[in-house]
Amino acid sequence: MKLLIIEDSSALRRSLVVGFNNLGITTDEASNGTDGLSLALNNPYDIIILDLMLPGINGMEILKQLRQSAIQTRILILSANSQHQDRINGLLQGADDYLTKPFSFDELHARVIAIARRGIINNFTNTININGFILDSNTMSLRYEMIDIELTPNEFKIIEYLFNHKNQVLSATMISDNIANNFDYMSKNTIEAHISTIRKKIKSNMINTPFPIKNKRGFGYYIEG
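If you're wondering where the values come from, they're calculated on a predicted model, not measured in any experiment.

(A) View of the overall build of the protein. Looking only at helices and strands, one finds eight helices and 11 strands in the protein. Expected size for 225 residues packed as a compact globule is a radius of gyration near 17 Å; at 19 Å, the protein falls within 12% of this value. Projected onto its principal axes, the C-alpha coordinates of the protein cover approximately 60 × 35 × 25 Å. When the 225 residues of the protein are sorted by exposure, 43% land in the buried category.

The following block contains the structure:
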């Protein structure tokens, strides 16, 4: 998972970066609205944690511009504004959640996981081509040249998550947290079995090009491309 944290308080921003990094979550950060908006428009993120009171461009304007630009990245507003109307305005403008300060990191982490479980959104393209393997999120399919590789829903979710995080090592826990439903859990052995089955399906289709999924022993999986 990759987060963008847009927060002008250096102490709070740093604590969030350290906290999420310790959980194996990659983060980018911005201390003002101008830099934050630029990062959000030009890079793929799973979730944006957005303060409202920012120098440069305020958080509500960032939210508005992202939605107008068809950027559908999940956005969690983190704000000292606790008024009921502020929450309503944020959600109506397109935010996915709203958490008021002060807050506990555990609650923020839980909300981030809950938002991520709603599904992965790819803002840049509905198809991803890695080494000739084309993943299509519209048709929920994986193909190589003219060959369709039949995947189960869970197999597709695993490959989609890995394809959307190319060259990032993802642990089994991270994969499970981001593709399972709220009350489901996918064990390391189950994920390994799914990946093994995917490789067998590719081989059975007489595809000689190696599937770009790699295993970094003791750490997790990644797509090389």
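Don't stop here, the text continues.
(B) Highlighting the packing of helix 2 (residues 33-42) against helix 3 (residues 59-68). Axis separation between helix 2 and helix 3 bottoms out at 10 Å; the angle between their running directions is 20 degrees. Compared by their axis directions, helix 2 and helix 3 come out roughly parallel. As helix 2 runs across helix 3, the sense of the crossing is right-handed. From helix 2, Gly33, Leu37, Ala40 and Leu41 reach across to helix 3, where they touch Ile62, Gln65 and Leu66. Looking at side-chain class alone, the contact of helix 2 with helix 3 contains five nonpolar, two polar and no charged residues.

(C) Quick peek at the side chain of Ser176. Structurally, the position occupied by Ser176 is in helix 7 (residues 172-179). Separated by 3.0 Å, the side chain of Ser176 and the backbone nitrogen of Met186 make a polar contact.

(D) Structural view of the side chain of Ser79. Positionally, Ser79 belongs in strand 4 (residues 74-79). Among the residues examined, Ser79 registers a relative accessible area of 1% and is labelled buried.

Rules behind the numbers
- Residues numbered from 1 in each chain as written.
- Predicted model: local features only at pLDDT ≥ 70, side-chain atom pairs only at ≥ 80, totals over all residues.
- Heavy atoms only, no water.
- Helix = DSSP H or I, 4+ residues; strand = E, 2+ residues; numbered from the N terminus.
- Rg over C-alpha atoms; globule rule 2.2 N^0.38 Å.
- Buried < 20%, exposed > 50% of the residue type's maximum accessible area, 1.4 Å probe, protein only.
- Axes fitted to C-alpha atoms, helices over the stretch in contact; angles between N-to-C directions.
- Parallel < 35°, antiparallel > 145°, perpendicular 65-115°, else oblique.
- Left-handed = near helix turned anticlockwise from the far one by under 90°.
- Contact = heavy atoms within 4.5 Å.
- Nonpolar A, V, L, I, M, F, W, Y, C, P; charged D, E, K, R; others polar.
- Polar contact = N/O pair within 3.5 Å; in protein donor to acceptor, adjacent residues only side chain to side chain.

It is worth stressing that arrangement in space is one thing and function is another; only the former is reported here.
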